[in-house]
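Summary of structural features
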Amino acid sequence: MRIGFLQRYDNLRIDFAKKVGFKSAELLVTPESDCLPGSTDWQKNAEKLQAKFSDSDIRISCIGGLYVNHLDEKDAQKFAEYTKNVILLAEYLKVPVIAGFGGKIIDKPLEESIEPFKQVWSKHAKFAEERGIRIAFENCPMGTFHLPPGGNNCVCTPLMWEACFDAVGSDALGLEWDPSHLIGMMIDPIANLRAWVSRVYHVHAKDAKVYPENLAKNGIYAPGSVEHCFPGFGDTDWAQVTKELIRGGYRGDMNIEGWHDRVYNGNMKPNGYPENLKIDTNGEDLGLILTYRHLAQFVDEP
């Protein structure tokens, strides 16, 4: 198991990752990425980025490219093509997992997204199965205060995981497991992991801290009741998480999802990436470094 973080292809960020000691990455792509099929010289561009990561001894463990609302009818065709191209890129780079959201019918109860989910993802699951690729859905509600109401991802609660996976009936579909969202919904991450580890295909290392005094006074829908943060600064027991992952047969990596911590931020450009390799000791880079140090003690190959 290796530790990495979510990043686009950027030479400076790869150099930063190597300098710190990271050996994994979730590669983020968008429909406009020049490494996706359909783009000019996409294979050449894909090989170039793969070579840079490989030369830095960083394994691309997952391609994150599906963080959109796949059940939005007006963009259905565009997102279907996008998903297909991400699967093809993963096959070309020999990356076993792609990740993102499942989509949601906006402003409707979660259950009303099950049938549309089945229609969309049954096709993608078959296409992925044929290429040896697995699809991992991040369990992020994307709603107000990181909760389901108002969000665009129906695969966000254990009951919906079960309903959506049963509807499609394919082992190609699983979870990009992120304990921060479970904590935000008052779900015990360890108990949840023990129940679902066989469907965990990728892990987002992100944490959350519950402040009981604010929760008791103002409830869950209030600023300050639950604060998302880097691992090591929240309520997740990462030693136990790692142990349960290994116990359950997980042999993938953990990639840190930053940019949510209210303290360790501040050096980010609008698109989410520092302008140079200089480390901002009060910012995102420091959060990544501290999280790396915390998680590295629990894995066999940090």
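All of the points below concern the structure found in this document. Quick caveat, the model's predicted, so the values are computed rather than measured. (Residues numbered from 1 in each chain as written. Predicted model: local features only at pLDDT ≥ 70, side-chain atom pairs only at ≥ 80, totals over all residues. Heavy atoms only, no water.)

This brings us to the overall build of the chain. What the chain contains, in helices and strands, is ten helices and ten strands. Its C-alpha atoms give the chain a radius of gyration of 18 Å, near enough to 19 Å, the size a compact globule of 302 residues would have. Counting only C-alpha atoms, the chain reaches 55 × 45 × 40 Å along its principal axes. Within the chain, the proportion of its 302 residues that are buried is 54%. Considering only residue pairs separated by 6 or more positions, the chain has 72% of its internal contacts joining residues 24 or more positions apart. Here the chain displays about 13300 Å² of accessible surface, and carbon together with sulfur accounts for 50% of that area. Averaging the positions of the 33 positive and the 42 negative side-chain charges in the chain gives two centres separated by 3 Å. (Helix = DSSP H or I, 4+ residues; strand = E, 2+ residues; numbered from the N terminus. Rg over C-alpha atoms; globule rule 2.2 N^0.38 Å. Buried < 20%, exposed > 50% of the residue type's maximum accessible area, 1.4 Å probe, protein only. Contact = heavy atoms within 4.5 Å. Areas by Shrake-Rupley, 256 points an atom, 1.4 Å probe, with all protein chains shown as cover. Lys, Arg positive; Asp, Glu negative; His and termini not counted. Charge placed at Lys NZ, Arg CZ, Asp CG, Glu CD.)

A separate point is the pattern of salt bridges. Tallying each qualifying case throughout the model produces 17 salt bridges. Between Glu244 and Arg247 there is a salt bridge; the shortest N-O distance is 3.0 Å. With Glu244 and Arg247 both in helix H9 (residues 238–247), this residue pair falls three residues apart, about one helical turn. Three or more residues joined by partner-sharing salt bridges are found here, namely Arg2, Lys23, Asp57 and Glu301. (Salt bridge = Lys/Arg side-chain N within 4 Å of Asp/Glu carboxyl O.)

If a residue is not glycine, its phi is most likely negative; likewise, a peptide bond is most likely trans. With phi around 65 degrees, Met142 is a residue other than glycine that occupies positive phi space. Structurally, the position occupied by Met142 is in the loop between strand E5 (134–138) and helix H5 (158–168).

Once that is clear, we can look at the sheet that holds strand E7 (residues 200–205). Taken together, the eight strands give a closed barrel; going around it, the order is E1-E2-E3-E4-E5-E6-E7-E10, and neighbouring strands pair in parallel fashion. Adjacent strand axes in the sheet meet at a mean angle of 30 degrees when their direction is disregarded. Across three bridges, strand E6 (residues 173–177) lies against E7 in parallel orientation. When the sheet's bridge partners are listed, Glu176 is paired in E7 with His202. Sitting on the sheet, helix H2 (residues 42–55) is in contact with strand E1 (3–7), strand E2 (24–28) and strand E3 (59–66), with an inclination near 160 degrees to E2. (Pairing = 2+ DSSP bridges. Axes fitted to C-alpha atoms, helices over the stretch in contact; angles between N-to-C directions.)

Here the focus is the side chain of Glu26. In this structure, Glu26 sits in strand E2. For Glu26, which is buried and forms no salt bridge, the nearest opposite charge comes from Arg8, at a distance of 11 Å. In this view, Glu26 contacts Phe5, Leu6, Gln7, Cys62, Ile63, Gly64, Tyr67, Ala99, Glu176, His202, His204 and Asn255; residues no more than four positions away in its chain are not counted.

With that settled, the discussion passes to the packing of helix H1 (residues 11–20) against H2. Two elements in contact, H1 and H2, have axes whose closest approach is 10 Å; the angle formed by their N-to-C orientations is 20 degrees. The orientation of H1 relative to H2 falls into the category roughly parallel. H1 and H2 meet at a crossing whose hand is right-handed. Of the residues in H2, those in contact with Asn11, Ile14, Asp15 and Lys18 of H1 are Lys52, Phe53 and Asp55. Broken down by class, the residue content of the contact of H1 with H2 amounts to two nonpolar, one polar and four charged. (Parallel < 35°, antiparallel > 145°, perpendicular 65-115°, else oblique. Left-handed = near helix turned anticlockwise from the far one by under 90°. Nonpolar A, V, L, I, M, F, W, Y, C, P; charged D, E, K, R; others polar.)

Let's shift gears to the nonpolar core. Membership of the largest hydrophobic core comes to 75 residues, with the highest contact counts inside it found for Ile63, Phe117 and Leu245. Broken down by element, this core gets its largest block of residues, seven residues, from helix H3 (residues 76–93). (Core = buried A, V, L, I, M, F, W, Y, C linked by side-chain atoms within 4.5 Å.)

Under the definition given, this model contains twelve aromatic pairs. Between Phe5 and Phe22 the ring centres are 5.0 Å apart and the planes differ by 70 degrees, which places this aromatic pair in the edge-to-face class. Here Phe5 is found in strand E1, whereas its partner Phe22 is found in the loop between H1 and E2, with 17 residues between them in sequence. Phe5 sits in the buried class, given a relative accessible area of 3%. (Phe/Tyr/Trp six-rings, centres within 6.5 Å; stacked < 30°, edge-to-face > 60°.)

With respect to the helices and strands, the residue Thr83 is situated in helix H3. With a relative accessible area of 0%, Thr83 lands in the buried category. Note: C-alpha distance between Thr83 and Lys123 (40 residues apart in sequence) is 11 Å. Each residue touching Thr83, except ones within four places of it in the same chain, is listed here: Leu66, His70, Trp121 and His124.

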